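Below, each chain spelled out in residue letters.
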Amino acid sequence: RAWNDQPANPKLKREAGNMTLDEFKEAVSSTLGTRAWNDQIDALFKKMDTSCDGLIDWNEFCTYMLLQYRENDYMRTKRDIPFRSTAHIRHCVFNKQEPTTKLIYIENPSRYVSFSKEGVIGVWDTAVRLLRTYELPGEGDEGRNGKRQFKAWVTDAVYLPNMNKIVIATTSRDLHFFDISTSIYFEEFLLYGLADVPTCFDYYYDPKNPNSKACLLYGDESGCINLLYFKTPQSGQFERPFSHDEGVQKIYLPELPQHSKYVQLVVLDSIHPEGIRQIHYCPHNDVVLSSSGSHASSVVMMDISRKKKTYVFKVSKGVECFDYNKQM
């Protein structure tokens, strides 16, 4: 109903506490000590009179004031609405026409890091300006044309916030640990000789206790889930034997027990009959979810200790990716 300028219906039963327009004007004008704002008071009354009966009650008055305060609070604290501006599109020339496998966001300072299929790493600022690039080393010596003869493909990458590191998985069955604590990124560890090609990552740590036990999970081509538990991630990830050699510290997976002070590997075998496409860890109940292209075990939800029931979801064409919401 539209509000009209007619006075309140005298035959309408009036409850205690209701005010007509004239009464409202008189109350506000006396409070302000002037009648110079009568036109504004008239417009305000019309906004408050949501029932359009020529009267405003206490509930209408409070509702309007609360909405007004809420809008003012929002305007004071509002943040930039995403996607308001035109999207920034950048051509990654340094990718050498290879697709981008992964894009991650890192903090302190805020940066975007892109990873190409052939191992080119691009570091971008928040305005999507390229700052620097790196490249994963190849497996073989360089040929006559200056190009490496063998080149592994990047399958996934993950950010480890409490360690200031990123980990990159490749088809060479290895994990590259890059230190990103300074403006110049460098490879610190190389964990090689994995049982199969790692395909996807997930990572969990406790933000309230960043040096407590953390878990780096990765699925592989054989359908297994591998869990690397770092016992004191900020104190150290692997043993550091004394050496005069500088550069990347290489760690052969079968020799990982020598680093048991810092890290432990747990393998969950044969979760899927084929490669795992996505993996997600749920810390509140120590459950891991994974997906594959198999119609028989498209998504598997299982307890890491394998003491509880395992749930298997079947989809005719498998599952490429999924999302999980604890509240729902």
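Definitions and cut-offs
Residues numbered from 1 in each chain as written. Predicted model: local features only at pLDDT ≥ 70, side-chain atom pairs only at ≥ 80, totals over all residues. Heavy atoms only, no water. Buried < 20%, exposed > 50% of the residue type's maximum accessible area, 1.4 Å probe, protein only. Helix = DSSP H or I, 4+ residues; strand = E, 2+ residues; numbered from the N terminus. Arc of directions from axis to C-beta. Pairing = 2+ DSSP bridges. Axes fitted to C-alpha atoms, helices over the stretch in contact; angles between N-to-C directions. Patch = residues over 30% accessible without salt bridge, like charges linked within 9 Å, V, L, I, M, F, W, Y side chains within 5 Å. Areas by Shrake-Rupley, 256 points an atom, 1.4 Å probe, with all protein chains shown as cover. Salt bridge = Lys/Arg side-chain N within 4 Å of Asp/Glu carboxyl O.

To continue, consider helix H2 (residues 38-48). For H2, the complete set of buried residues consists of Ile 41, Asp 42, Phe 45 and Met 48. Along the axis of H2, the buried positions cluster into a sector of 125°, meaning they face one direction only. In H2, the exposed residues that point more than 90 degrees away from the buried face are Asp 39 and Lys 47.

Now for the sheet that holds strand S8 (residues 186-192). Pairing in this open sheet of five strands is mixed, and the strands run S5-S6-S7-S8-S12 from one edge to the other. Of all the strands in the sheet, just strand S5 (154-160) and strand S12 (249-252) have a single pairing partner and so form its edges. With direction set aside, neighbouring strand axes in the sheet form an average angle of 20°.

Now for unusual backbone geometry. The bulk of non-glycine residues show a negative phi, and the bulk of peptide bonds are trans. Residue Pro 109 is reached from Asn 108 by a cis peptide bond, and omega for that bond is -5°. Within the secondary structure, Pro 109 sits in the loop between strand S1 (100-106) and strand S2 (111-116). Positive phi is not limited to glycine here, since Cys 52 has a value of about 55°. Relative to the helices and strands, Cys 52 is located in the loop between H2 and helix H3 (58-77).

Together, Leu 103, Tyr 105 and Tyr 112 give the surface a local cluster of nonpolar side chains, amounting to about 300 Å² of exposed area. Mapped onto the elements of the fold, Tyr 112 is located in strand S2.

So, to be careful, I would describe these as geometric facts and stop short of saying anything about function.
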